[in-house]
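Below are the chains, spelled out letter by letter.
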Amino acid sequence: MAEARAPGKAILFGEHAVVYGHPAVAVAIEAGVNVAVSNNKEWAVEGRPLDSVRHPHLKSIISRMRRGSGPFSFQISSTLFSAAGQGSSAALSVAAHLALRSHIGESSNLIDAARSAHLAEAYAQSGRASPTDTATSALGGCVVVSSSLPPMAKHVFGSELETSEGLRTWDVGTIELPIDSDPPYLVLGFTGNPSKTGKMVAMVADLISSNSERKSDLDSIGEITAVGLVALASAEWEAVGMAMDACHDRLEALNLSTPFLEKLISSVRPYSLGSKLTGAGGGGCMMALTRDPERVAQMIELHGARAMISSFYNEGAQILI
Ligand code: PMV
């Protein structure tokens, strides 16, 4: 048997603007997905035959295995909220890739895992996926994805994807925090309303095509992300929080927030350095950067959402057995 674990993610700055070539910054969170692989007489998930419609990510990961490998059985356990924009399918794909390679004794590394998982996400999402979730899940820490990386990011790998709109390319880099950076905590609040990333991306595209002034909100997110990145790389946490707040204002102007997200965000602001919706919006999760995680989690739960406290800096994917 082999087992691997991969973390989920939260987007600190740059969601939606990244679709238009601006950078996005995501951080690995503590919660994640474990995948165990063992020999079996047929391909199976949780004791049932593998159904490629229900498990497109696993089907795609298996398709890149050496010919004649398997059949194997997968056991999956997750501490992420499901359908909440925490990158659970990316974490599943990264962990499945690593566990399968380990089980058959084939060497693999985190970049291979990120690339294979990105192809799995693209396969499952009709050919469209950025490498943000998969790279963050594989590499851990703070990850920047952009058409061109800012100078404080350390380049890790280049990524490309053939889409129906042509070849898309990204650079993936990491931000190292200074030693003794004493990061605050992240608290995520899940509204309980799943949000569809594709639908929200399409809504923004419609909005900017009918009202070209709204494009300036995406450009502002790009500028705020650039400022936020400088603050992050020098561990100036108050400035990181201010950039998060500023990103949220622009996301709200793009109609991506909801009354429930607004209620959660305003309830935690007095106890946070910064707070914003995270991911696609329209539901899903909000996040806060705070030195008082218990109080923030309490406020989120008092307002009827589910809270998750995470340390700021977390390891990427690992082979456990
Ligand atoms: O659904 P999430 O949390 O992975 O966030 C999507 C981020 C977007 O910028 C809205 C879309 C994308 O492909 O980057």
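See the structure shown above.
About the cut-offs
- Residues numbered from 1 in each chain as written.
- Predicted model: local features only at pLDDT ≥ 70, side-chain atom pairs only at ≥ 80, totals over all residues.
- Heavy atoms only, no water.
- Axes fitted to C-alpha atoms, helices over the stretch in contact; angles between N-to-C directions.
- Helix = DSSP H or I, 4+ residues; strand = E, 2+ residues; numbered from the N terminus.
- Parallel < 35°, antiparallel > 145°, perpendicular 65-115°, else oblique.
- Left-handed = near helix turned anticlockwise from the far one by under 90°.
- Contact = heavy atoms within 4.5 Å.
- Nonpolar A, V, L, I, M, F, W, Y, C, P; charged D, E, K, R; others polar.
- Patch = residues over 30% accessible without salt bridge, like charges linked within 9 Å, V, L, I, M, F, W, Y side chains within 5 Å.
- Areas by Shrake-Rupley, 256 points an atom, 1.4 Å probe, with all protein chains shown as cover.
- Salt bridge = Lys/Arg side-chain N within 4 Å of Asp/Glu carboxyl O.
- Buried < 20%, exposed > 50% of the residue type's maximum accessible area, 1.4 Å probe, protein only.
- Near = heavy atom within 4 Å.
- Polar contact = N/O pair within 3.5 Å; in protein donor to acceptor, adjacent residues only side chain to side chain.

Novice: Can you lay out the packing of helix α6 (residues 215–233) against helix α7 (residues 237–253) for me, pointing to particular residues and giving the numbers?
Specialist: α7 packs onto α6 with a crossing angle of 170 degrees between their chain directions and a minimal axis gap of 9 Å. Classified by the angle between their axes, α6 and α7 sit roughly antiparallel to one another. As α6 runs across α7, the sense of the crossing is left-handed. Touching D217, S220, I221, I224, T225, G228, A231 and L232 of α6 are W237, A239, V240, A243, A246, C247, R250, L251 and A253, all from α7. Taken together, the residues of the contact of α6 with α7 break down into twelve nonpolar, three polar and two charged.

Novice: Could you give an account of a nonpolar patch on the surface, naming the residues involved and the relevant values?
Specialist: A contiguous nonpolar surface patch, about 310 Å² in accessible area, is contributed by M1, L320 and I321. When you line up the elements, L320 lands in the segment after β13 (318–319).

Novice: Which residues make up the pattern of salt bridges, and what values go with them?
Specialist: This model, assessed by the stated rule, comprises nine salt bridges. Among the ionic pairs, K276 bridges to E15, the shortest N-O distance being 2.8 Å. Pair noted here: K276 is in strand β10 (residues 274–278) and E15 is in the loop between β1 (2–13) and β2 (24–39), with a separation of 261 residues, a long-range link. In terms of burial, K276 and E15 fall into one category: buried. D217 is the partner of R250 in a salt bridge, and the nearest nitrogen-oxygen pair spans 2.9 Å. Of this pair, R250 sits in helix α7 while D217 sits in helix α6, and the two are 33 residues apart along the sequence. When its relative accessible area of 25% is taken as the criterion, R250 is described as partly exposed.

Novice: An account of the site of the ligand is requested, with residue identities and associated values reported.
Specialist: Neighbouring the ligand are 13 residues; K9, H16, G85, D133 and T197 lie closest to it. In this structure, K9 approaches the ligand through a side-chain N or O atom, which is 3.1 Å from an oxygen atom. Note that an oxygen atom of the ligand is positioned 3.2 Å from one of the backbone N or O atoms of G85. Out of a free accessible area of 380 Å², the ligand has 87% covered by protein chains. Counting only elements with at least two residues in the shell around the ligand, the list comes to β1 and α5 (197–210).

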